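One-letter residues, chain by chain:
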Amino acid sequence: MNRRITVKFATLASCFGRLESTPSRNGMIALLARLLAGAALDEIGIVCYFVLGEIAPGYSAVNLGVGDRTVAAAIALAAGTDLSDVEAAVRETGDYGDTAARLIEAPATGYLSVLDVYRGLSRIAHASGPGSAEEKKAILARLLTAAPPPERRYLVRLAAGEMRLGVGEMTILDALAEGFLGSKAERPALEHAYNISSDIGLVARTLLEVGLPGVRAITVTLHRPIRPMLTQRVGRISEIFERIGSPVIAVEEKYDGERVQAHKDGDDVTLFSRRLTDVTAQYPDIVRHVRRCVVADTAILDGEAVAFDHAAGTYLPFQTLMRRRRKHRVSEVAGEIPATYRAFDLLYANGESYLHQSYPDRRARLEEVLRRDDHISPADRIVTGDTDGITEFYLACIERGLEGIVCKSCADDSFYRAGAREWQWIKWKRDYAPGISDTLDLVIVGGNAGRGRRAGTYGSVLCAAYNHEEDLFQTVCGMGTGFSDRDLADLPGRLAGARVDREPARVMVNPPAVPDFWFAPHQVVEVLGLEITESPVHTCNWDPARRRGLALRFPRFVRWRDEKSPEQATTTAEVAAIFGRQREV
Ligand code: ATP
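This structure is a prediction, so every number in the text was calculated from the model and none was measured.

J.: Explain the overall build of the chain residue by residue, including any values.
T.: Secondary structure assignment for the chain yields 21 helices and 23 strands. Here the chain has a C-alpha radius of gyration of 25 Å; the compact-globule value for 585 residues is 25 Å, and the two agree. In terms of principal-axis extent, the alpha carbons of the chain reach across some 75 × 55 × 55 Å. Put simply, of all contacts in the chain between residues at least 6 apart along the chain, 73% involve residues at least 24 apart.

J.: Quick one: what's the story with the domain arrangement of the chain, residue by residue and with numbers?
T.: Entries for the chain in the domain assignment read domain 1 (9-53 + 166-216), domain 2 (68-160), domain 3 (230-429) and domain 4 (439-584). Once you take the C-alpha centre of each, domain 1 and domain 2 turn out to be 27 Å apart. Each partner contributes to the interface: domain 1 provides 13 residues, whereas domain 2 provides 13 residues. Taken together, both faces of the contact between domain 1 and domain 2 bury some 1,200 Å²; the carbon and sulfur share is 76%. When residues of domain 1 are sorted by the area they lose upon contact with domain 2, Phe 9, Ile 46 and Phe 50 head the list and together hold 51% of the total. Where domain 1 touches domain 2, the interface holds one salt bridge. Measuring nitrogen to oxygen at the nearest pair gives 2.9 Å for the salt bridge that ties Glu 20 to Arg 157. Between the two partners, domain 1 and domain 2, sit four residue pairs in polar contact (both at pLDDT 80 or more). Counting residues per element, the ones that place at least two in the side of domain 1 that touches domain 2 are helix H1 (9-21) and helix H3 (41-51). If you tally residues by element for the side of domain 1 that touches domain 2, the top one is H1, at seven residues. Here the side of domain 1 that touches domain 2 is composed, by residue class, of eight nonpolar, two polar and three charged.

J.: I'd like to hear about the sheet that holds strand E20 (residues 531-535), residue by residue, with values.
T.: Read from one edge to the other, the open sheet built from three strands follows the order E20-E22-E21, with strand pairing classed as antiparallel. The sheet is open, and its two borders are formed by E20 and strand E21 (540-543), each paired with just one other strand. Recorded for the sheet is a direction-independent mean angle of 30° between the axes of neighbouring strands. As judged from the two bridges shared by E21 and strand E22 (residues 548-553), these two strands associate in the antiparallel manner. Residue pairing across strands places Cys 540 opposite Leu 550, the latter belonging to E22.

J.: Any chance you could break down the nonpolar core for me, citing the residues and the numbers?
T.: In terms of nonpolar packing, the biggest core is built from 94 residues, with Phe 50 and Leu 121 touching the most fellow members. Every residue in contact with Leu 121, bar those within four places of it in the chain, is listed here: Phe 50, Ile 55, Leu 64, Leu 143, Leu 158 and Ala 159. Among the nonpolar cores identified, the runner-up in size contains 35 residues, and Met 229, Val 234, Phe 308 and Ala 418 belong to it.

J.: Help me get a handle on the environment of Phe 344, residues and values and all.
T.: Examined against the element boundaries, Phe 344 turns out to sit in strand E7 (residues 339-349). Residue classification places Phe 344 among the buried positions, given a relative accessible area of 11%. Between the alpha carbons of Phe 344 and Ser 377 there is a distance of 8.8 Å; along the sequence they are 33 residues apart.

J.: I'd like a rundown of H1, residues and numbers included.
T.: Between its first and last C-alpha, H1 extends 19 Å over 13 residues, near the 18 Å set by a 1.5 Å rise per residue. If you check which residues of H1 are buried, you get Phe 9, Leu 12, Ala 13, Cys 15, Phe 16 and Leu 19. Viewed end-on, H1 has its buried residues packed into an arc of 160°, placing them on one side of the element. Contacts from the buried residues of H1 go to helix H2 (25-37), H3, helix H7 (114-126) and helix H9 (149-160).

J.: Residues and numbers for the site of the ligand, please.
T.: In the region of the ligand, 20 residues are neighbours, and Glu 304, Lys 408, Lys 427, Lys 429 and Lys 564 sit closest. Take Lys 254: an N or O atom from its side chain is 3.0 Å from an oxygen atom of the ligand. A distance of 3.1 Å separates a nitrogen atom of the ligand from a polar atom in the backbone of Tyr 255. Alone, the ligand offers 600 Å² of accessible surface; in the complex the protein occludes 94% of this.

J.: I'd like a rundown of the side chain of Asp 199, residues and numbers included.
T.: Topologically, Asp 199 is positioned in the loop between helix H11 (187-197) and helix H12 (200-209). Although buried, Asp 199 forms no salt bridge, and the nearest oppositely charged side chain, Arg 205, lies 4.6 Å from it. Among the polar contacts made by the side chain of Asp 199, one reaches the side chain of Tyr 49 at a distance of 2.7 Å. For Asp 199, the contacting residues outside a window of four places in its chain are Tyr 49, Pro 57, Tyr 59 and Tyr 194.

J.: Account for the packing of H2 against helix H10 (residues 169-181), naming residues and giving values.
T.: Contact pair H2 / H10: the axes reach a minimum separation of 8 Å and the direction vectors enclose 60°. In terms of axis orientation, H2 runs oblique to H10. Regarding H2 and H10, the two cross each other, and that crossing is right-handed. Between H2 and H10, the residues in contact are Arg 25, Met 28, Ile 29, Leu 32, Ala 33, Leu 36 and Ala 37 and Met 170, Thr 171, Ile 172, Asp 174, Ala 175, Leu 176, Glu 178, Gly 179 and Phe 180, respectively. Taken together, the residues that form the contact of H2 with H10 break down as eleven nonpolar, two polar and three charged.

Rules and cut-offs
- Residues numbered from 1 in each chain as written.
- Predicted model: local features only at pLDDT ≥ 70, side-chain atom pairs only at ≥ 80, totals over all residues.
- Heavy atoms only, no water.
- Helix = DSSP H or I, 4+ residues; strand = E, 2+ residues; numbered from the N terminus.
- Rg over C-alpha atoms; globule rule 2.2 N^0.38 Å.
- Contact = heavy atoms within 4.5 Å.
- Domains from an automatic or database assignment.
- Buried area = accessible area lost by both parts, 1.4 Å probe.
- Salt bridge = Lys/Arg side-chain N within 4 Å of Asp/Glu carboxyl O.
- Polar contact = N/O pair within 3.5 Å; in protein donor to acceptor, adjacent residues only side chain to side chain.
- Nonpolar A, V, L, I, M, F, W, Y, C, P; charged D, E, K, R; others polar.
- Pairing = 2+ DSSP bridges.
- Axes fitted to C-alpha atoms, helices over the stretch in contact; angles between N-to-C directions.
- Core = buried A, V, L, I, M, F, W, Y, C linked by side-chain atoms within 4.5 Å.
- Buried < 20%, exposed > 50% of the residue type's maximum accessible area, 1.4 Å probe, protein only.
- Expected span 1.5 Å × (residues − 1).
- Arc of directions from axis to C-beta.
- Near = heavy atom within 4 Å.
- Areas by Shrake-Rupley, 256 points an atom, 1.4 Å probe, with all protein chains shown as cover.
- Lys, Arg positive; Asp, Glu negative; His and termini not counted.
- Parallel < 35°, antiparallel > 145°, perpendicular 65-115°, else oblique.
- Left-handed = near helix turned anticlockwise from the far one by under 90°.

See the structure below:
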């Protein structure tokens, strides 16, 4: 029985407004819980996607593709004004949503439900070919004229992919638990379903329709990515056995390429990146290798796409592979930089999920279903029971140009833990040494205006680590060095989409670190630093009693990590672990 009534888009827009001005994460959860608990079955999934600024699960390759020009043209059409007026207003407001709310003065011509907006945006997403820009513009303009003014702001932000409510999937899971189950007690079940389906809308719909048993019954499905399992790190090789919890472990080569999850369904192959986006079109060669060499009818493999120079027998750096990340001339560039697939796990085969099988069982099955050749093979590895064995294999890997090793537990409970960073997998990399020589992946949450040579760009950016337990971004450092002139010139453009006018709710900043500009957690950056120290300024691992957090000293920009989402950044617990290890040395 579904006694809920259709949600007006107006109700949603007013909730968005309140979410934007809610200073606390708990406040956000309460608002979202009320909103979701009132949604109808055919809307609840859409409401979740809208809150995240999307119209479908992230992996589905449904891309609105409404560029700034089309958005501006649609606003001009709806407002009955010139494009130049829209552009002038955008320069003033800095935001297309605010511009639409300001310029379109006509009263609403209709009433929009969430489903009306969804249908309109879906048609925009699916418009393609010649004339599609005009079609997108016309549909968006019609939606804008139908909607009352406050809704126009969010319609435009949705279409332009700039919602910036600062809500993440974990916040929605909390809200679902509160709204439907009355507490967070059963939240792990919701999180598990999300980890294996990567579809928050599906979890919400199932919870509403069937309840918790339905959510527990969500299973691995082909062409729907599983959130990847991640690795932990240690300070000394000798610590690996203490942490991993099995007397014998597997030590695998660690490849510096792109994480790729391959779904094979007969001849149909889909590839997903670590951020769960569909990267099938980027790797036509890996598609062919999977089709040719995976001998099961259906299978899901986890592994790494690497650039391998077959003539020289060496691995090429990550940057070489990233040259393939492009929309045009894919096959040509793929020919110049062929990709090789190293599979390190098997998650599903012939209709059966392997997530709850131990790593040794999954590996044995992987070797059965994957016929190896030069272009595709299971990751090379050894199995050992002593630290010297690890060290020898590690040194041999480094000699062959690899970046390190990944040690894997062989215990009976060494299941594949989707989306988790636990001690079953531990990495050890070439640049590890006492102190902090590994980089941190941090999220940009603020920026200070540049002066002198840096006028017109940012002088420094405020970086945060992710507190997974509290779903918060806590600051670790301000960073102004390591940028090339080109990086600096690119900064304003890169950060423009994330700019917000107040401190985002999931960001925790102490007064001395308050930046000139705020950014919603979006951009992930790799940072190298000298050491972690205690700090009264930064909020990472904040101890309210001692009024001390942790900070990274001498941070330097290394590179952008566009393939990582903010929630995949280095966690505050990892920063604390590095700090703890520094003290031991
Ligand atoms: P890093 O920057 O050290 O590559 P990361 O922060 O991107 O790490 P981690 O989870 O810390 O991600 O390291 C694991 C990553 O290493 C995986 O996401 C995967 O892409 C890569 N990798 C390479 N070889 C292996 C392997 N044999 N087993 C597991 N992961 C591997």
